[in-house]
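Close look at the chain arrangement
The residues making up each chain are set out below.
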Amino acid sequence: MPSSEYIINFKRNVTDKYTIYNSLFSALPFSGIANVGALLPILLQACIDGYADAKTPMHIVDHFFAQHTNAKDEADKVARLFKFVQYIERQIVLFDAIEDAAFETVNNVEGPGSLKTLISETNFAGKSQILKSKLKKFKVRVVLTAHPTQFYPGSVLGIIHDMNEAIGKNDFHTINAYIQQLGITPFFNKKQPTPLDEAVNLMWYLENILYPSIGNIYNYINREVFDSAYDGENPFIELGFWPGGDRDGNPFVNGPTTLKVADALRSAIVVCYYRDIRKLKRRLTFTGVDTIIAQLEQQLYENVFRPEASKRIKKEELIHELYAARELLMKDHHSLYLNRLDSLIHKVKIFGTHFASLDIRQDSRIHTAVILQIDKELKEKGKPALLPGNYSALTGAEKIEALAKIDTVVDPSEITDTISRDTLESMYAIKTIQKENGEEGCHRYVISNCQGVVNMMEVYALLRLCGWKRETMLIDIVPLFETIDDLDQAETTMDLLYNLPEYNAHLQLRNHHQTIMLGFSDGTKDGGYLQANWSIYTAKENLTAISRKYHIKAKFFDGRGGPPSRGGGKTHKFYSSLGNNIENEEIQLTIQGQTITSNFGTIQSSQYNLEQLLSAGLSNELFADTRIQISQHDRFLMEELGKISHASYQGFKTHPLFLAYMQQFSPLNYYSKSNIASRPAKRGNSGGLRFEDLRAIPFVGSWSQLKQNVPGFFGVGTALQQMKERGLWNDTKAMFRNVLFFRTLIDNSMMSMLKSFFPLTEYVKKDPQFGPVWEIIKAEFDLTSQLVLELADATTLMEDDKPGKASIQMRDKIVLPLLTIQQYALNKLHNEEVDPALKPLYEKLVTRSMFGVINAARNSA
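Now for a description of the structure that goes with this document. Since the structure is predicted, the reported quantities are computational estimates derived from the model, not experimental observations.

Reading the values: rules and limits
- Residues numbered from 1 in each chain as written.
- Predicted model: local features only at pLDDT ≥ 70, side-chain atom pairs only at ≥ 80, totals over all residues.
- Heavy atoms only, no water.
- Helix = DSSP H or I, 4+ residues; strand = E, 2+ residues; numbered from the N terminus.
- Rg over C-alpha atoms; globule rule 2.2 N^0.38 Å.
- Contact = heavy atoms within 4.5 Å.
- Areas by Shrake-Rupley, 256 points an atom, 1.4 Å probe, with all protein chains shown as cover.
- Lys, Arg positive; Asp, Glu negative; His and termini not counted.
- Charge placed at Lys NZ, Arg CZ, Asp CG, Glu CD.
- Buried < 20%, exposed > 50% of the residue type's maximum accessible area, 1.4 Å probe, protein only.
- Pairing = 2+ DSSP bridges.
- Axes fitted to C-alpha atoms, helices over the stretch in contact; angles between N-to-C directions.
- Phe/Tyr/Trp six-rings, centres within 6.5 Å; stacked < 30°, edge-to-face > 60°.
- Lys NZ or Arg CZ within 6 Å of the ring centre and 35° of its normal.
- Salt bridge = Lys/Arg side-chain N within 4 Å of Asp/Glu carboxyl O.
- Parallel < 35°, antiparallel > 145°, perpendicular 65-115°, else oblique.
- Left-handed = near helix turned anticlockwise from the far one by under 90°.

Take the overall build of the protein chain next. Each helix and strand counted, the protein chain has 34 helices and eight strands in total. Relative to the globule expectation of 29 Å for 861 residues, the C-alpha radius of gyration of the protein chain, 28 Å, shows essentially globular dimensions. Principal-axis analysis of the C-alpha atoms gives the protein chain an extent of 75 × 70 × 60 Å. Pairs at least 24 apart in sequence give 81% of the contacts found in the protein chain among residues at least 6 apart. Summed over its atoms, the accessible surface of the protein chain is roughly 33,300 Å², and 51% of this surface lies on carbon and sulfur atoms. Positive and negative side-chain charges of the protein chain, numbering 95 and 99 respectively, have mean locations separated by a distance of 3 Å.

What follows is the structure, encoded as structure tokens:
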């Protein structure tokens, strides 16, 4: 289908349907709804016209109320603004459901990047056997995180899911009922969720979306590639899970929480199997087979509803019984419904009894403090010391030697310091989870802010303190390199680590595999967009080379967020663009917040996006001989672009008003008040806000709310301009045409810029204090926009992705009044004459407006 037809389908199946169903809101039989529905289009037009005439958000709101309402006072005005916020929140849900329902008509689901296309291209190239061989070891690991960018409560997610089904059937009556349900369903948490709440909310996606979609992909590969005869161990796709295990900066996650989440994951997958077995029971009614299925149904029932009283079923038992049924089915019953039985067998192979593998994560600085604290407490109790008395003064090599010698086992109950006790309990919890859910249930410990070998060996030593023997330590110790400096030092760190006898012995136990995590979010926050992405690319090359030198297989785990500035955007294109110098046996990445909703909100979108990732990784090796690799001259250009953009970004980041500007005009200070996540918005307990303590999510999200998206473009224009001035413009254009990695970087930057809207904050230009800051950002935006269009020979941003562009523009139009209300409330809060009685209401207005803006953007943080 031509690309023009997809935009026609978008208009017919998304834009037009939204117009029709949106009209139902104004007919809702609830207090004040009709009036809000009638006035909102007028407010929207007032915003469009007002910004076109360079009016301020404050003027637009005040003029609207004066012209079109009889609001008595400011309190009445604020109450009506809340009505608009609530109404727009529901419009966004409606648009989400409509777009989800139209997914297969506005996306080329069987086109480039799909498994169908990959298999066809592979067969045509005579590489079907190579594909089979590659699939026996290549896999994608998608890790769902608990990061606070998801604003829909579980009840609303269910409505979206059900509504998109009704929209797909054009069931007007049912759609109307769901719209009425939306009208009176709360959209926000009245209290902060616990880590267990977050985990349970995300499990909705595991049970309803990822369980069937991953199963579908496995079945398709088995049928189309292996002629329904695949019996290997590789699951093709694995799931990871951070809620309940991610302790980095979250004081509410502890050992008992981790165990509860692991148990909930086990219960969730057993429920899925129980449902499938009950469906199979209706078909497999044949002698002998029926008995096996009935017994399995009973076992699963006991595990679901009476887990304390029943024996916990193991993955191996399930597979054994299902294969026994399969053998009977083939031998005595003509293989009737064999495909359905095989489908369940495949799911058990993929998900086991763990569903998703829990990762444990903590900051390296915590581990350092914990080791010292435990040593101190043991000495105070007259027990043998863990460390030499002069440990803090030792060199790095001497500390490593001391840590490697630790052979003591410590009972957490003997430790009085809370964080130290909990750190040990979390490591003991890994043992319990592996015993109950299998090794796959929890086998990775991620070290945030990893700055060297000492940090790695601290975790090794802590695991030894928890009774893990060297020869049975079934845990992958995973360094997370985040800052530009850490990325530069990563190769040296791993070289030293691979030379340690103790760690080398540990890697032998882990099949000579080393997982290395790289942080896109903090990398961009630290070094800017171009430099962070190029630093990660080159770090992967260097880490691959040093790992291969020691015959170790590196597995890269990418910490990606939703927007391009945090490693999101068109993610699959990044994996397609990796050269031969980067290890490519697995794709591992985090998926978080609204990206889970937008990319994995329906079975269709989940299957599509998972296929894109699988295909990207597979084709990267299958067709490496036909792809242009990055030349030495291209590397020179990328180095220069990275250096120049880094210097430009650093110059802006160190501006004395950088943070103050964000605090003044964005909702940065309100992320912690949104009650969407259990984790605080900043690291540490310091009273003031320091840049280094600021988390990437509120940092990037606040720029998105400002509609300035600085992390996604700042420094790009300056770097491109210098290429032009140095006579390297034609070379840079050639690199854009030929090097997919660079082209993807620029395409994603265009997405960030398309989502920007500077007229919203143009009033800041006149501010005597902050005006110059706004001018710096706007000048860089204009320069970047001009040069990326020239680079791509385009006239508008995202010209080659018309459906994606249309979606962004529709969503931005829906939330324009919401953004205006947010700026209005922020302005009131910074006014010294604000009525103290109204201040809490303005704060609540800012927080509530954040919900809709973030949900509408789908990948803003």
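Right, picking up where we left off after that structure.
Right, let's get into unusual backbone geometry. One non-glycine residue, Phe355, lies in positive phi territory at about 70 degrees. By secondary structure assignment, the location of Phe355 is in the loop between helix H14 (338-351) and strand E3 (357-363). One non-glycine residue, His512, lies in the positive phi region at around 60 degrees. On the secondary structure map, His512 appears in the loop between helix H20 (501-509) and strand E6 (513-519).

A few words on the side chain of Glu377. Looking at where Glu377 falls in the secondary structure, it is placed in helix H15 (residues 364-380). If we skip the residues at most four places from it in the chain, Glu377 touches Glu414, Ile415, Thr416 and Asp417.

Bringing the environment of Pro759 into the picture now. With respect to the helices and strands, the residue Pro759 is situated in the loop between helix H31 (740-754) and helix H32 (771-792). Taking relative accessible area as the criterion, Pro759 reaches 28% and is therefore assigned partly exposed.

As summarised here, the arrangement of the eight strands in space is E1-E2-E3-E4-E5-E6-E7-E8, forming a closed barrel in which the pairing is parallel. Mean inter-strand twist for the sheet, computed between neighbouring axes without regard to direction, equals 25 degrees. Sheet topology places strand E4 (residues 444-448) next to strand E5 (residues 476-481); four bridges connect them, and they run parallel. When the sheet's bridge partners are listed, Val446 is paired in E5 with Val478.

Now for the packing of aromatic side chains. Aromatic ring pairs: the centre-centre distance and the angle between the two ring planes describe each pair. Going through the model one piece at a time under the given rule, you end up with 39 aromatic pairs. Aromatic pair Trp242 and Phe557: ring centres 6.1 Å apart, planes at 85 degrees, arrangement edge-to-face. Here the residue Trp242 occupies a position in the loop between strand E2 (237-241) and helix H11 (255-283), and Phe557 occupies one in strand E7 (residues 553-559), the gap between them amounting to 315 residues. The exposure class assigned to Trp242 is buried, which follows from its relative accessible area of 1%. The aromatic ring of Phe557 is capped on one face by Arg444, whose charged end is 4.5 Å from the ring centroid.

With that settled, consider the pattern of salt bridges. Under the definition given, this model contains 52 salt bridges. The salt bridge involving Arg361 is made with Asp246; its shortest N-O contact spans 2.9 Å. Of the two residues, Arg361 sits in strand E3 while Asp246 sits in the loop between E2 and H11, which places them 115 residues apart along the sequence. You'll find Arg361 and Asp246 in the same group, each marked buried. Among the charged side chains, a salt-bridge network with shared partners connects Lys139, Arg141, Glu238, Lys555 and Glu586.

A few words now on the packing of helix H27 (residues 658-665) against helix H28 (residues 696-705). Two packed helices can be described by the angle between their axes and the distance between those axes. Two numbers describe how H27 lies on H28: the axes approach to 10 Å, and their chain directions differ by 60 degrees. As summarised for this structure, H27 and H28 are arranged oblique, according to the angle between their axes. Considering the relative orientation of H27 and H28, their crossing is left-handed. Residue-level contacts link Phe658, Tyr661 and Met662 of H27 to Phe699, Ser702 and Trp703 of H28.

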